[in-house]
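Geometric and topological summary
Spelled out from the first residue to the last, the chains are:
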Amino acid sequence: MAIQFTLNGKPQTVDVNPNMPLLWVLRDTLGMTGTKLGCGISLCGACTVHIDGDATRSCVTPVSSVAGKKITTIEGLSTDRSHPVQRAWIEVDVPQCGYCQSGQIMTTAALLAKNAQPNDAEIDDALKGNICRCGTYQRIREAVHLAAKLAGAPAKKSARLDREEPVEQALAAEAMQVGGTL
Ligand code: FES
Ligand code: FES
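Turning our attention to the sheet that holds strand 2 (residues 10-15). Sheet strands line up and pair through hydrogen bonds in the backbone, either parallel or antiparallel. Sheet architecture is open: 5 strands sit in the order 2-1-5-3-4, paired in mixed fashion. Across the chains shown, the open sheet's two edge strands, defined by having one partner strand only, are strand 2 and strand 4 (54-57). The sheet shows a mean angle of 40° between the axes of neighbouring strands, taken without regard to direction. Bridging between strand 1 (residues 2-7) and strand 2 involves 6 bridges; their strand directions are antiparallel. Bridge pairing in strand 2 places Leu 7 opposite Lys 10. Packing of helix 3 (residues 101-114) onto the sheet brings it into contact with strand 3 (48-51) and strand 4, and relative to strand 3 it is tilted by some 35°.

Shown next as structure tokens:
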């Protein structure tokens, strides 16, 4: 069955079983392996993509349900790592093994698109379903605040970033402090 949708800004048609999970289509049919398989049962968040702007678990999303919709994967967030969330993740050096991180980044990008200045509680709530076995949660929270700052919104509750100094200085100091405390 041919199913059409928009993938990372471009029209896409796939001819697959309509019940196939979107994650399988992305990885196996289209060869886009940035989105990861963790649990496969909507428990870990590794497979998170955006569907019409909402962070969605592609492992339990039948491809037929995305017909006509706009899907964004980690590959489509930017073409040159310039998205504020990507920049923040790099500056804070968030990943350890990295397996969960595309899901963490996609969930964060969806959060910041709806809430440009999330506080710690809002960050924790938005990301509570994204599991990191390496325990990078502290760096993730720091990076979300930094991404908000880079996107032009002052962070609410980040003492490290609540300073009157250029962003590049804040980035350098942030990276040093994060690196020195972990
Ligand atoms: S792989 Fe989809 S939530 Fe774990
Ligand atoms: S960085 Fe290893 S699971 Fe999150």
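After that view of the structure, there is still more to cover.
Attention now goes to the nonpolar core. Nonpolar side chains in soluble globular proteins generally cluster together in the buried interior. Membership of the largest hydrophobic core comes to 39 residues, with the highest contact counts inside it found for Val 85, Ala 88, Trp 89, Met 106, Ala 109, Ala 143 and Ala 147. Mapped by element, the contributors of at least two residues to this core are strand 1, helix 1 (22-29), helix 2 (84-92), helix 3, helix 4 (120-127) and helix 5 (137-150). Broken down by element, this core gets its largest block of residues, 7 residues, from helix 5. Each residue touching Trp 89, except ones within four places of it in the same chain, is listed here: Val 94, Ile 105 and Ala 143.

If you want to describe how two helices pack, look at the angle between their axes and the distance between the axes. The contact between helix 2 and helix 3 brings their axes to 9 Å, and the two run at 130°. Here helix 3 runs oblique to helix 2, going by the angle between their axes. By crossing handedness, the relation of helix 2 to helix 3 is classed as right-handed. In contact with Val 85, Gln 86 and Trp 89 of helix 2, helix 3 contributes Ile 105, Thr 108, Ala 109 and Leu 112. When grouped by side-chain class, the residues that make up the contact of helix 2 with helix 3 number 5 nonpolar, 2 polar and no charged.

What counts and how
- Positions within a chain are numbered from 1, following the residues in the order the chain's sequence is written.
- The lettering of chains begins at A and the numbering of ligands begins at 1, in the order of writing.
- With pLDDT at 70 or above as the cut-off, local features in this predicted model cover only qualifying residues; side-chain atom pairs require 80 or more to be listed or tallied, and sums for whole chains, interfaces and linings still use all residues.
- Being paired, for any two strands, means DSSP has found at least two bridges between them.
- Think of it this way: any DSSP run of H or I at least four residues long counts as a helix, any run of E at least two long counts as a strand, and we number them from the N terminus.
- Angles here are taken between N-to-C directions and fall from 0 to 180 degrees, while the axes themselves are lines fitted to C-alpha atoms, restricted in helices to the stretch in contact.
- Any pair of residues counts as being in contact when their C-beta atoms, constructed from backbone geometry, are within 7 Å of one another.
- Buried Ala, Val, Leu, Ile, Met, Phe, Trp, Tyr and Cys residues form a nonpolar core when they are connected through C-beta atoms within 7 Å.
- To sort residues by exposure, count the other C-beta atoms lying within 10 Å of each residue's C-beta; 20 or more gives buried, 12 or fewer gives exposed, and values between give partly exposed, all with C-beta atoms placed from the backbone.
- Any angle between 65 and 115 degrees counts as roughly perpendicular, while under 35 counts as roughly parallel, over 145 as roughly antiparallel, and the rest as oblique.
- In this scheme the crossing of two helices becomes right-handed for a clockwise turn of the near helix relative to the far one and left-handed for an anticlockwise turn of less than a right angle.
- Basically, the charged four are Asp, Glu, Lys and Arg, the nonpolar ten are Ala, Val, Leu, Ile, Met, Phe, Trp, Tyr, Cys and Pro, and anything else, Gly included, counts as polar.

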